[in-house]
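Here is what each chain is made of, one letter per residue.
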Amino acid sequence: MKKVITFGTFDLFHIGHLQILKRARQLGDYLIVGISTDALNFSKKQRNPICSQQHRMDIIKELKCVDEVFYEDSLELKRNYIRDMGADILVMGDDWAGKFDEFKDICDVEYLPRTPSISTTELIEIVREI
Ligand code: C2G
């Protein structure tokens, strides 16, 4: 069985998130999703996500294309997560292109094109302007 792993915040879940998860699943037989915790987000972006980690996880784990979820507590633990979950492929959107090549010694690493014209940041801006 080919296991695929991907990571993300998936805040204000939108079509770009769905597309990457569906495409990631198609690259193997089993999809594991590491969901960035609120604390990790705060450390990266200096703001909390709009939706809590519990709500973000509740949404992702119900998707047909997702087989397993866990919380990503730290960016530095990526190698451990990949190894512990027994992942064969790491998939990320191409905004991360090249950033995870260091893991090519333990799994395949694929960057898929992002869905154009949608992002959590843009959604927040649109809603703010209404
Ligand atoms: N994505 C996409 N198309 C979009 C928006 C996002 O394909 N229009 C992809 C991103 O490339 C990423 C995934 O959806 O692979 C999740 O995106 P984010 O929630 O923005 O994830 P991020 O905050 O970048 O967290 O350890 C890595 C981080 O946890 C990734």
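Scroll up to find the structure this text is about.
Residues numbered from 1 in each chain as written. Predicted model: local features only at pLDDT ≥ 70, side-chain atom pairs only at ≥ 80, totals over all residues. Heavy atoms only, no water.

Trainee: Can you break down the pairing of strand 4 (residues 89–93) residue by residue, with the values?
Mentor: Of all five residues making up strand 4, five are buried, and the element is well covered by its neighbours. Pairing analysis gives three bridges linking strand 1 (residues 3–8) to strand 4, with the strands arranged parallel. Considered in strand 4, the bridge of Ile5 is made with Leu90. (Buried < 20%, exposed > 50% of the residue type's maximum accessible area, 1.4 Å probe, protein only. Helix = DSSP H or I, 4+ residues; strand = E, 2+ residues; numbered from the N terminus. Pairing = 2+ DSSP bridges.)

Trainee: Explain the state of the cysteines residue by residue, including any values.
Mentor: The full count for this structure, using the stated rule, is zero disulfides. Looking at Cys107, it has no disulfide partner, and the nearest cysteine sulfur is the one in Cys65, 19 Å off. (Disulfide = S-S within 2.5 Å.)

Trainee: Would you mind going over unusual backbone geometry in detail, with residue names and values included?
Mentor: Non-glycine residue Phe10 carries a positive phi angle of around 55°. Mapped onto the elements, Phe10 comes out in the loop between strand 1 and helix 1 (15–26). Phi at Ser117 is positive, roughly 65°, even though this residue is not glycine. Along the chain, the position of Ser117 falls in the loop between strand 5 (108–112) and helix 5 (120–129).

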